[in-house]
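Working through the structure, step by step
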Amino acid sequence: MLTLMIVIFVLGYILIALEHPFKIDKAATALITGVLVWTLFVLSGVGQHLIEEELFHHLSEISGILFFLLGAMTIVELIDAHEGFSIITDKITTRNRVKLLWIISVLTFFFSAALDNLTTTIVMISLLRKLIDDKYDRWFFTGIVVITANAGGAWSPIGDVTTTMLWIGGQLTTMTIVKTLIIPSLVAMLVPVGILSFTMKGEVIRPEKKEGLEHYIDPTTAFERNLVFFLGVAGLLFVPFFKTLTHLPPFMGMMLSLGVLWTATEVIHRSKNKEDKSQLSVIGVLRKVDTASVLFFLGILLAVAGLQSAGHLEVMATRLENWFGGDIYAINIIIGLLSALVDNVPLVAGSMGMYEVATVGDFAQDGTFWQFLAFCAGTGGSALIIGSAAGVAAMGLEKIDFMWYLKKISILALLGYFAGAGTYILMQSL
């Protein structure tokens, strides 16, 4: 049964990758895969009570991620409903592909460090929908957003969940993360963007500005647009500070931000009639949120959690240690690449469990192993679209085909990954 769990996971993975040829929505495949993995785990003979405890333990973490995602998506949709993103998009006037690539990449890289890679990806996809009309053009830019969001999140203690884990766990301190990883992360972003600067040509086509009838009957005022935009962005930025101050899970801060924004929109639209108000309220906006993406996330995370509880990931980590004879650079590079296949969170959690924080050496607090692990786990997932939270969100929101990403984006992501890893190793040798 334990072997069959891996088989089911691989088959589910293949069906997700070949979603378009099979014409089966990836959310359905992910849910079936996640439930079957746990069903086989129960049938393996391990005590049911223990498995239930494991499942509920993982479910608490998974639900936190899902509520975080739901809150972020709702805030972004609310800003969009108020035409708040026009504050940024109106200032981006260029249609030149290369110039737009650099603008989007730089914004994403630094937004990701300040927010986190998942939230930044959601925000940037909303911006791209205002800037690029052609689906495949937008997919290409979204792929670059995934790479740069993961690179930007790797050098900040709040930019990626794995970096946050190492920060909270005491393996790394804030200044060490920033000082040692910002240059490799920057290289991981600059290499793919630099390559594309020489290959991309022409201009993008802007979408026609479509405004519903309600815009002309009762449009949002400049005050309302600005207020919702700045409250929304401030709410997203508030989340990591709330987590740092209270040590509560990030979704709690996101729910607080959503509640404040919800209250503010109820107040500013209280004098409008019910029909007009419904277009600009959280209740109306929730109808636009892509629930299928949330369910896809649920299925993927359940499947990976099942493999982790069954001990498959721990076995893999032990074998890595044996195969590479304790070479910390080789082990971390492989962990980064494996994070493109399975979620980087259990891989980092497994590494944290395998290697205790030592008093001196590579495994001491702020040691080389932990620094390089943060970089590799944070950026390696960009190699495949389902290898990171940012990629999964992008795949769900933009309906990006797995094979398309593999052909068009994966090589660029790997070149950036290896260039950043090489930069880090070079910095350590100097």
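Residues numbered from 1 in each chain as written. Predicted model: local features only at pLDDT ≥ 70, side-chain atom pairs only at ≥ 80, totals over all residues. Heavy atoms only, no water.

1. Here we look at a nonpolar patch on the surface
- A grouping of Met1, Leu4, Ile6, Val7, Val10, Leu11, Ile14, Val42 and Leu43 is seen on the molecular surface, where their side chains present a nonpolar patch of about 740 Å² in accessible area.
- Of all the elements in the fold, those that place two or more residues in the nonpolar patch are helix 1 (2-17) and helix 3 (26-43).
- The element that contributes the greatest number of residues to the nonpolar patch is helix 1, accounting for six residues.
- Its place among the elements puts Ile6 in helix 1.
- We classify Ile6 as partly exposed; its relative accessible area is 37%. (Patch = residues over 30% accessible without salt bridge, like charges linked within 9 Å, V, L, I, M, F, W, Y side chains within 5 Å. Areas by Shrake-Rupley, 256 points an atom, 1.4 Å probe, with all protein chains shown as cover. Salt bridge = Lys/Arg side-chain N within 4 Å of Asp/Glu carboxyl O. Helix = DSSP H or I, 4+ residues; strand = E, 2+ residues; numbered from the N terminus. Buried < 20%, exposed > 50% of the residue type's maximum accessible area, 1.4 Å probe, protein only.)

2. Structural notes on the pattern of salt bridges
- Here the structure, examined in full by the defined rule, presents three salt bridges.
- One salt bridge connects Asp137 with Arg97, and the closest N-O pair in it is separated by 2.6 Å. With Asp137 in helix 8 (residues 135-154) and Arg97 in helix 6 (residues 97-114), the pair connects residues that are 40 residues apart, well separated along the chain.
- On the basis of relative accessible area, Asp137 is assigned to the buried category, the value being 15%.
- Put simply, Arg129, Arg138 and Glu398 are held in one network by salt bridges that share partners.

3. Points about the confidence of the model for the chain
- Taken as a whole, the chain shows an average pLDDT of 84; of its residues, 94% reach a score of 70 or greater.
- When mean pLDDT is taken per element in the chain, helix 23 (residues 410-429) scores highest with 95 and helix 11 (residues 213-217) scores lowest with 47.
- Low pLDDT (under 50) marks residues 213-218, which in the prediction has seven contacts with non-local residues, meaning those over four places away or in another chain. (pLDDT = per-residue confidence, 0-100. Contact = heavy atoms within 4.5 Å.)

4. Here's the deal with the packing of helix 1 against helix 16 (residues 291-309)
- Relative to each other, helix 1 and helix 16 sit at 155°, their axes nearing to 10 Å. By the angle between their axes, helix 1 is roughly antiparallel relative to helix 16. For the element pair helix 1 and helix 16, the recorded crossing hand is left-handed. Within the contact between the two elements, helix 1 uses Met5, Ile6, Phe9 and Ile16 and helix 16 uses Phe296, Ile300, Ala303, Val304, Gly306 and Leu307.
- Of the residues in the contact of helix 1 with helix 16, the class split is nine nonpolar, one polar and no charged. (Axes fitted to C-alpha atoms, helices over the stretch in contact; angles between N-to-C directions. Parallel < 35°, antiparallel > 145°, perpendicular 65-115°, else oblique. Left-handed = near helix turned anticlockwise from the far one by under 90°. Nonpolar A, V, L, I, M, F, W, Y, C, P; charged D, E, K, R; others polar.)

5. Digging into the packing of aromatic side chains
- Going through the model one piece at a time under the given rule, you end up with 20 aromatic pairs.
- Between Phe140 and Trp404, the aromatic rings sit 6.3 Å apart at their centres with planes inclined by 85°, giving edge-to-face as the arrangement. With a gap of 264 residues between them, Phe140 in helix 8 and Trp404 in helix 22 (residues 402-408) connect regions that are remote in the sequence.
- Note on Phe140: relative accessible area 19%, which makes it buried.
- A relative accessible area of 12% means that Trp404 is categorised as buried.
- Each residue in the set Tyr329, Phe372, Phe375, Tyr417, Phe418 and Tyr424 is aromatic and connected to the rest through ring pairs, giving one cluster.
- The ring centre of Phe296 lies 5.6 Å from the NZ or CZ of Lys26, which sits over that ring. (Phe/Tyr/Trp six-rings, centres within 6.5 Å; stacked < 30°, edge-to-face > 60°. Lys NZ or Arg CZ within 6 Å of the ring centre and 35° of its normal.)

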